Amino acid sequence: MARGEGRGAGGCTFVANVVSILQSIAAIAIVVLVAGYMYDTLGFRCLLDGKEGRTSSSICNYAWALAAFSMLASFVVFLLGCLTCCCGKVPMVINLVFQSIGLVWWLVGAIVITIYAVPAQDKNFPEEEKRIAIICLCWAEFVLFTIGAVASGKSMGE
């Protein structure tokens, strides 16, 4: 039997699977925070967008899109991690691709959310703690996808 075929998941595969679950949890937390706290009482102004004093809903929609992609990618990564033990290295290559795309996706997303949300902090918009949590979760997603990409790359060599 060739190396890596027919074996159970290695340590890096396990890490990639755990990280994909954490990615999903963080994405769900972002959705909950945006939906529950970042729209004003009228429901059309986003409290994440403090740039130039406006409160456009576009940045909240962007946060939704970030989290939705993340949940989808994390689910695919988790499923592929489960298939790795019986299907060889092909799922791990796809896993690495999804993790790498997610890494770039969240780097850009975290930068954009930070650029728009920090001015909202300076303008004393309500829900300051939730806005900080969203910013931190976006950066945490970037870190999680980075760890996932590294673990996926290493597991291909196991």
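Keep in mind it's a predicted model, so treat the numbers as computed, not measured.

Undergrad: Teacher, can you tell me more about the overall build of the protein here?
TA: A tally of regular secondary structure across the protein gives 4 helices and 0 strands. For the protein, the α and β elements follow one another from N to C terminus as α-α-α-α. By residue count, 41% of the 158 residues in the protein fall in the buried class. Within the protein, contacts between residues at least 6 apart in sequence are counted, and of these 77% link residues at least 24 apart.

Undergrad: Help me understand the environment of Asp122 in this model?
TA: Secondary-structure assignment places Asp122 in helix α3 (residues 90-122). Its relative accessible area of 61% is what places Asp122 among the exposed residues. Through-space distance from the C-alpha of Asp122 to that of Gly50 is 8.1 Å; in sequence the pair is 72 residues apart.

Undergrad: I would appreciate a short explanation of the state of the cysteines in the present structure.
TA: Counted according to the given criterion, the structure contains 1 disulfide. At a sulfur-sulfur separation of 1.8 Å, the disulfide partner of Cys46 is Cys60. Linking Cys46 and Cys60, the disulfide has an S-S dihedral of approximately 75° and is accordingly described as right-handed. Here Cys46 is found in the loop between α1 (11-37) and α2 (58-87), whereas its partner Cys60 is found in helix α2, with 14 residues between them in sequence. Across the pair, Cys60 and Cys46 agree in class, each one buried.

Undergrad: Sorry, what's going on with the side chain of Ser24 here?
TA: One can find Ser24 in helix α1. Residues contacting Ser24, with those up to four places away along its chain left out, are Met71 and Ser74.

Undergrad: What's the story with a nonpolar patch on the surface in this structure? I'm lost.
TA: Taken together, the side chains of Phe14, Val15, Val18, Ile21, Leu22, Ile25, Val143 and Ile147 define a hydrophobic patch exposed on the protein surface, amounting to about 660 Å² of accessible area. Examining the composition of the nonpolar patch, we find that 6 residues originate from one element, α1, more than from any other. By relative accessible area, which is 35% here, Val15 ends up partly exposed.

Undergrad: When you look at the pattern of salt bridges in this model, what are you seeing that I'm missing?
TA: Side chains carrying opposite charge are able to pair once their charged atoms draw close together. Enumeration according to the criterion identifies 1 salt bridge in this entry. Between Lys130 and Glu127 there is a salt bridge, with the nearest N and O atoms lying 3.3 Å from each other.

Criteria and thresholds
- Residues numbered from 1 in each chain as written.
- Predicted model: local features only at pLDDT ≥ 70, side-chain atom pairs only at ≥ 80, totals over all residues.
- Heavy atoms only, no water.
- Helix = DSSP H or I, 4+ residues; strand = E, 2+ residues; numbered from the N terminus.
- Buried < 20%, exposed > 50% of the residue type's maximum accessible area, 1.4 Å probe, protein only.
- Contact = heavy atoms within 4.5 Å.
- Disulfide = S-S within 2.5 Å.
- Patch = residues over 30% accessible without salt bridge, like charges linked within 9 Å, V, L, I, M, F, W, Y side chains within 5 Å.
- Areas by Shrake-Rupley, 256 points an atom, 1.4 Å probe, with all protein chains shown as cover.
- Salt bridge = Lys/Arg side-chain N within 4 Å of Asp/Glu carboxyl O.

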